[in-house]
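Listed below are the residues making up each chain.
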Amino acid sequence: MEKTFDPSTIEARMRELWEEAGAFRAGRPERAGAKPFSIVIPPPNVTGSLHMGHALNNTLQDILARYHRMRGDDVLWQPGTDHAGIATQMVVERRLMERQQHRREMGRAKFLEEVWAWKAESGGVIVEQLKRLGASCDWSRERFTLDEGLSRAVVKVFVQLYRDGLIYKDKRLVNWDPKLLTAISDLEVQQIEVKGHLWHFKYPVVYHDGQPTGEFITVATTRPETMLGDTAVAVHPEDERYTKLVGKNVRLPLVGRLIPIVADEYSDPEKGTGAVKITPAHDFNDFEVGRRHGLRLINVLDAEGAVTLKDNQEFFDHVAPSPELDLTVAALHGLDRNAARARVVAMMEERELLAEVSDHKHMVPHGDRSGAVLEPRLTDQWYVDAKTLAQPALAAVREGRTNFVPKNWEKTYFDWLENIQPWCVSRQLWWGHRIPAWYGRNPNADSVKSALSNPHVFVAESQEGALRMAADLYGGDVIVTDTEPTEEKLKAIFDRNLQAKSTGERNLEVIWRDEDVLDTWFSSALWPFSTLGWPDETKELDRYYPTNVLVTGFDIIFFWVARMMMMGLYFKKEVPFHDVYIHALVRDEKGAKMSKSKGNVIDPLHLINEYGADALRFTLAAMAAQGRDIKLSTQRVEGYRNFATKLWNASRFAEINGCARIAGFDPKNNQITLNRWIVSEAARASAEIATAIEAYRFNDAAGAAYRFVWNVFCDWYLELAKPLLQGEDGAAKDETRATTAFILDQIYALLHPFMPFITEELWGVKGFEGPARETPLALAQWPDLSGLEDAAAEAEIGWIVDLVSEVRSVRSEMNLPAGAEVPLTLVGADAESRARVTRWDETLRKLARLSQIGFADAAPKSSAQLIVRGVLGAIPLEGVIDFAAEKARLAKETAKLEGEAKKIEAKLGNADFIARAPDEVVEENRERLEETRERIEKLTAAAKRLD
C-alpha cells in the first residue's frame, strides 16, 4: 500500500471498475429472484451543475442504493435529467443574442435545432458531476424528459385527462413574466422585499345618475397604473365608516367608468384606509373578490407590461366618453408600467385626488430566472383540475400507503392539497412538450373574428388524429398549419367555402396547432412510471413500480411530490412510492442560507477536489439528522478526510503486521477474549448501522460507523492487539492477524454506502492477500454477524476500556500534567475485577499513565473518585495538585460560564431579539447556551471530585 491516501488517484479508477463490472445495473441475472428496491432520482435540470443540495440529496439516495444492493436486493436507482423549459430556453436565447439572432426571426423548427445542438454539446454536465460524487445509478437506463418514450407518456396523459374532463382551457390570472413572455409556476416566483410607496387616491362617490355627491372614498395602492382596470371598491361589511356607501357607485378618476362599492371581508379595516380598489384582471386576491361579486375583468397591460388601451373593448365598455378619457388614453397608451405609474400619480395630483403618499416596504414577486417583476395577468391557459386529482393523493397518505419521514411534513402536504387551486400547465415557450391540441373554425362562427376568438378544439395524440376529428366535424377537406392563421388567410377560406355551397365543391377547412408547451412539472409528475416504459406494460414497470422511497427537499413537496402522487394514483392506481424522506437544507457554518449575494456558497466540486468525494459524503451523512438543517464547514469535511486517512493507516498497519485474510476463517472459533470482543462489537455496529439506514436516520448510521471504526477498532482494538501481534505466541498472533483482516473486511463493507471509493480501493488491495475476491465491494454481501455477540468478552474488554477512559477523563478535569504518572486504587474490588487487573496490568498502566494499580477497603485521603461498572476507583492527588488552587480555578471558570449563560438566556428570552435577529443568529445562541451548560456540568462534576 502507498504510505498516504490520495483520493484523486483512486476515484476515477473505481468508477471505471464499477462500470466495467456493470455493478449498478438493475435486473442482474443472479438477482432475478431477489426482492426489488427502486428509487427515482429527482431529475436535475439539464442546464444545472452540482450544488450542495444535489450533493446531499444524491449522497443519501446512494447510501440507500448501495446498502440495499449489498443486502442482495435487485436495486434500480433510476437516473435522468429534466429538460427545464424556461432555464434551457434562456441559455440558448442568450447564446443566440451574442450572434445577433432571435428565435422568432429564425422560426420554431430552427430554434429547436439550436436547443438540441446545445443539449448534445453542453447539456447534462451534472450527470458527470453526480458520477464524481459516486452516485451508483443504473446509468444504462438514463432518461431525459423529452425522450421519445417519455414524450409519448406526456401526450397520453394530457389527452386522457382532457377526455376525462380533468384538463380544460380557461381565462384566469397567472404569474406572468414580462421579460420571458410566459406564464410561470409558483415555484419560479421569488418574493423580494422592496422599498416602495403607498399612494392614497380619492375616488368621488356618485348618485345613481352619475352625478357627484360631494363625498370621496379613499383607497390605498402600491400600483397606481392598474387603477385603469378597476371595477369596484371593496370595504369590510362590518366597517361602520363605510356601511352607508355599500351599494353606491364611484366614478373612476381619469377613466370615467362607474364602479360599485361592495362589501367583502377581503378588505381589512385595520390596513390603510380600510377601502381597497379591486382590479380583478391584475391581482390574484382581487380576482377572487371579482368572482364573488360578478365583477368585470379588464386587462390594461400587454404581455410586456406596457399599458394597452387602444382597441381595448373591455376598457371602453361602460365608460362615459369625455375629453378627460381621451387625454388619458393619449398619455398612457404604450407606456411601460413604471412610466405609466408616474404619469397616473401626476394626473391624480393635478386633479387634487392624491390624498397622501407614504413610504412602504412590501413583498414584490420576481421571476427567479429573469429577475423581472412579475404581473398577475389574465390569459387563456390550460388547467388541470387538481382538486379532483388531489383527493386520492390525500387519502393515500392519511391511510398510510405513503409515509413522510419526518412525519411532520405530512401537514405541509395536507395543507397544500386541501387548498389546491387549478394547476396552470401551459407555458408560452418553444422548448418543451408541445400541447397536443389543434384549433379550427367553430361550426357556429359567423365571422373570421369569432372563428379566432372562440375556435373549436381538437385534442388528439397525433396530428393525424386531429385531422380525422376535424374531417368528421366539418365534412370536408382539412389542411393543418403550425401556427395560428392570419385573418386574411381565414377570410380566404371562408369566402371559398361560401362559393363551394353554390358549386357543390367540398369544403376546405384549416386547423392550427397550439403554440404553447407544457409546464416542466407536468412531465416530471410522470417520472416514476414514464421512466419504466409506461404507457407500455413493460416488465420493468411491473417489477419496480411502485418505488420504495423518494428522497427530496421540502421545497418541492407541493410542486413535484404531490403531483407525482396525483398522476401515479390516477394512471397506475397505485402510489408512486411508499416512503418520502424529506431532507433538510445545507447551510453555511453559521447557519445562514447559502446564496451568491452573501458570498457564502460552498461548491461541492471544490470540496471533492480538495478532500475527496468520500469525505464530503460522510460529512453530509453524519450531519443529516432528521428535521435539522446542516451547518457545513470545510473544517468538518477536512475532519472526515482525516477519518479516511485513519482507515487507510489502519489498513497499512495490518499489512505491515502480516494481517492477511485466511480462507475458511470463522470468528466463532476465536479463543482470545480481545478478538472475541472486537467481533462482538462489529456485530453490534452492523446491526446499529443497518437499523438506522432502514429508518432513514443517516446521521445515526454514520455515527455508529465512525465510533466503531475510529474509537473501537483503531483506538482500542489495534492498541490492545499490539502486544499479541508483536509477541512470541504464534497461535495468538495468527488468530489476531486473521481477526484483524476479517474485521477490516467488515469495516470496508459497513462504510461502503458512505465512503464507496476508499472502501472499494481497500477491498481490492486486500483482495491480493488470501483468497481471491468474487465481486467488487459494491456487489459484496452486507456483513452478517448475527450470533457473534459475546457478552463475556464485552464485560471484560468493555471494563478495561471504560476504566482507562474514566481515568483519562479525571486527569483532564483535574488538570493533571500529561506526563505525570499517578497511582490508582480500586476500593472494595471483587475477585473478577482483581483478576482483570492482573491480566491487563501492564496495558492499563501504559494507556492510563498509572504508576501502579492497588486495592484497598477505603479510598485514600485527598483522592479523586470514579466509578466503572460498579467498581469504585480513587486517584490520590495529595502532592500532585494544589487542591485550594484547583478549587479556586474551577469556581472561577464556572462563575464566568454561568455569567455567559445568563446573558444568552436573557437574549433568548427577549421577544424583540427573537423577532428581529436572523434565524441563524438565534440558533447560534441556542447552541452556545447548550455548550455552556454542558461545560458547567463538567466543571461542577470536577469540583465534586475534589470534595
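Look a little higher up for the structure.
These remarks concern the structure in this document. As a convention, each chain's residues are numbered from 1 in the sequence order in which they are written. In keeping with the model being predicted, local features are shown solely for residues with a pLDDT of at least 70 and side-chain atom pairs are shown and tallied solely at 80 or more, while totals for entire chains, interfaces and linings include all residues. The basis for every side-chain value is the complete set of heavy atoms in the structure, and neither hydrogens nor water enter the calculation.

With respect to the overall build of the chain
Line of reasoning, step 1. A run of H or I in DSSP becomes a helix once it reaches four residues, and a run of E becomes a strand once it reaches two; helices and strands are each numbered from the N terminus. What the chain contains, in helices and strands, is 32 helices and 30 strands.
Line of reasoning, step 2. Each principal axis of the C-alpha atoms in the chain carries an extent, and together these give about 115 × 70 × 55 Å.
Line of reasoning, step 3. Taking all contacts inside the chain whose residues are at least 6 apart in sequence as the whole, residues at least 24 apart take part in 77%.
Line of reasoning, step 4. Only the protein chains shown count as cover for residues, with accessible areas throughout obtained via the Shrake-Rupley method and a probe of 1.4 Å. Element-wise, carbon and sulfur atoms account for 48% of the exposed surface of the chain, whose accessible area totals about 42400 Å². Residue contacts are defined here by distance: any two heavy atoms, one from each residue, within 4.5 Å place the two residues in contact.

Concerning a negative patch on the surface
Line of reasoning, step 1. Residues qualify for a patch when their relative accessible area is over 30% and they have no salt bridge, like charges being joined within 9 Å and the nonpolar side chains of Val, Leu, Ile, Met, Phe, Trp and Tyr within 5 Å. Definition used for salt bridges: Asp or Glu carboxyl oxygen within 4 Å of a side-chain nitrogen of Lys or Arg. Charge counting follows a simple rule: Lys and Arg are positive, Asp and Glu are negative, and His as well as the terminal groups are ignored. To locate a charge, the coordinates of NZ of Lys, CZ of Arg, CG of Asp or CD of Glu are taken. Together, Glu930, Glu931, Glu934 and Glu937 give the surface a local cluster of negative charge.
Line of reasoning, step 2. When you line up the elements, Glu931 lands in helix H32 (residues 919-946).
Line of reasoning, step 3. Accessibility expressed as a relative area gives 49% for Glu931, which makes it partly exposed. The buried label goes to any residue with under 20% of its type's maximum accessible area, the exposed label to any with over 50%, and the partly exposed label to all in between, with areas taken from a 1.4 Å probe on protein chains only.

Let's talk about the sheet that holds strand S30 (residues 871-876)
Line of reasoning, step 1. If DSSP finds at least two bridges between two strands, the strands pair. Read from one edge to the other, the open sheet built from four strands follows the order S28-S27-S30-S29, with strand pairing classed as mixed. With one partner strand each, in any of the chains shown, strand S28 (850-856) and strand S29 (863-868) form the two edges of the open sheet. Averaged over all neighbouring strand pairs, the angle between strand axes comes to 25°, with direction disregarded.
Line of reasoning, step 2. Contacts from helix H28 (residues 791-813) reach strand S27 (822-827), S28, S29 and S30, with the element oriented near 150° to S29. Axes, fitted as lines to C-alpha atoms, cover a helix only where it is in contact. Angles between the N-to-C directions of the axes lie from 0 to 180 degrees.

A few points about the nonpolar core
Line of reasoning, step 1. Only buried residues count toward a nonpolar core, which is a set of Ala, Val, Leu, Ile, Met, Phe, Trp, Tyr and Cys residues joined through side-chain atoms within 4.5 Å. Formed by 223 residues in total, the largest nonpolar core has its most connected members in Tyr413, Phe522, Met567, Trp677, Phe713 and Phe754.
Line of reasoning, step 2. Ranked by the residues each element gives to this core, the list is headed by helix H25 (residues 698-725), at 17 residues.
Line of reasoning, step 3. Those residues in contact with Phe522, other than ones at most four positions away along the chain, are Val154, Val157, Phe158, Leu161, Ile167, Val384, Trp423, Val425 and Met567.
Line of reasoning, step 4. Ranked by size, the runner-up nonpolar core spans 36 residues in total, among them Phe201, Leu245, Leu254 and Val255.

Observations regarding the pattern of salt bridges
Oppositely charged side chains are able to pair whenever their charged atoms sit close together.
Line of reasoning, step 1. Per the stated rule, a full pass over the model turns up 56 salt bridges.
Line of reasoning, step 2. The residue Glu719 makes a salt bridge to Lys722 at a minimum N-O spacing of 3.4 Å. In this pair, Glu719 and Lys722 are both assigned in helix H25, three residues apart and thus about one turn of the helix distant.
Line of reasoning, step 3. Looking at Lys722, the relative accessible area reads 28%, which means it is partly exposed.
Line of reasoning, step 4. A salt bridge links Arg889 to Glu893; the shortest N-O distance between them is 3.4 Å. Placement of the pair is Arg889 and Glu893 together in helix H30 (residues 883-908), with a separation of four residues, close to one helical turn.
Line of reasoning, step 5. The class of Arg889 is partly exposed, set by a relative accessible area of 28%.
Line of reasoning, step 6. Taking the relative accessible area as the measure of exposure, Glu893 reaches 26% and is therefore partly exposed.

Brief notes about the side chain of Ser38
Line of reasoning, step 1. Looking at where Ser38 falls in the secondary structure, it is placed in strand S1 (residues 36-40).
Line of reasoning, step 2. On the accessibility criterion, Ser38 (2% relative accessible area) is buried.
Line of reasoning, step 3. A polar contact of 2.8 Å, which involves the side chain of Ser38, links it to the backbone oxygen of Tyr544.
Line of reasoning, step 4. Not counting residues within four places of it along the chain, the set of residues in contact with Ser38 comprises Leu76, Tyr544, Pro546, Thr547, Asn548 and Val549. Between N or O atoms, a polar contact is any pair within 3.5 Å; within protein, one atom must be a potential hydrogen donor and the other a potential acceptor, and residues adjacent in sequence are included only when both atoms are from side chains.

Describing the pairing of S30
Line of reasoning, step 1. Of all six residues that make up S30, five are buried, and the element is covered over most of its length.
Line of reasoning, step 2. Pairing of S27 with S30 involves three bridges; the strand directions are antiparallel. For Thr825, the partnering residue across the bridge sits in S30 and is Ala874.
Line of reasoning, step 3. When S29 meets S30, the two strands line up antiparallel, connected through six bridges. Along S30, the bridge assignment pairs Ile867 with Leu872.
Line of reasoning, step 4. In this structure, the hairpin formed by S29 and S30 is closed by a connection of two residues, where Arg869 is found at a positive phi of approximately 50°.

What to know about the environment of Leu309
Line of reasoning, step 1. Among the structural elements, Leu309 can be located in the loop between helix H8 (284-293) and helix H9 (313-316).
Line of reasoning, step 2. Residues Leu309 and Leu332 lie 23 residues apart in sequence; the distance between their C-alpha atoms is 8.0 Å.
Line of reasoning, step 3. If near-sequence neighbours (up to four positions away) are discounted, Leu309 is found in contact with Leu228, Val300, Phe315, Phe316, Val329, Leu332 and His333.

Quick word on the packing of aromatic side chains
Two descriptors summarise a pair of aromatic rings, namely the distance from one centre to the other and the angle between the planes of the rings.
Line of reasoning, step 1. Within 6.5 Å between ring centres, the rings of Phe, Tyr and Trp (the latter by its six-membered ring) count as paired, and their orientation is classed by plane angle as stacked under 30 degrees, edge-to-face over 60, tilted in between. Tallying each qualifying case throughout the model produces 38 aromatic pairs.
Line of reasoning, step 2. For the ring pair Phe529 and Trp534, a centre distance of 5.2 Å and an interplane angle of 85° mean the geometry is edge-to-face. Trp534 shares its class with Phe529; the two are buried.
Line of reasoning, step 3. Cluster of aromatic residues (ring-pair linked, three or more members): Phe618, Tyr640, Phe643, Tyr706, Trp710 and Phe754.
Line of reasoning, step 4. Over a ring means this: the NZ of a Lys or the CZ of an Arg is within 6 Å of the ring centre and within 35 degrees of the ring normal. Arg66 extends its terminal NZ or CZ atom over the ring of Trp18, reaching a point 4.4 Å from the ring centre.
Line of reasoning, step 5. Here the guanidinium or amino end of Lys202 rests over the ring plane of Phe216, the centre of that ring lying 5.0 Å away.

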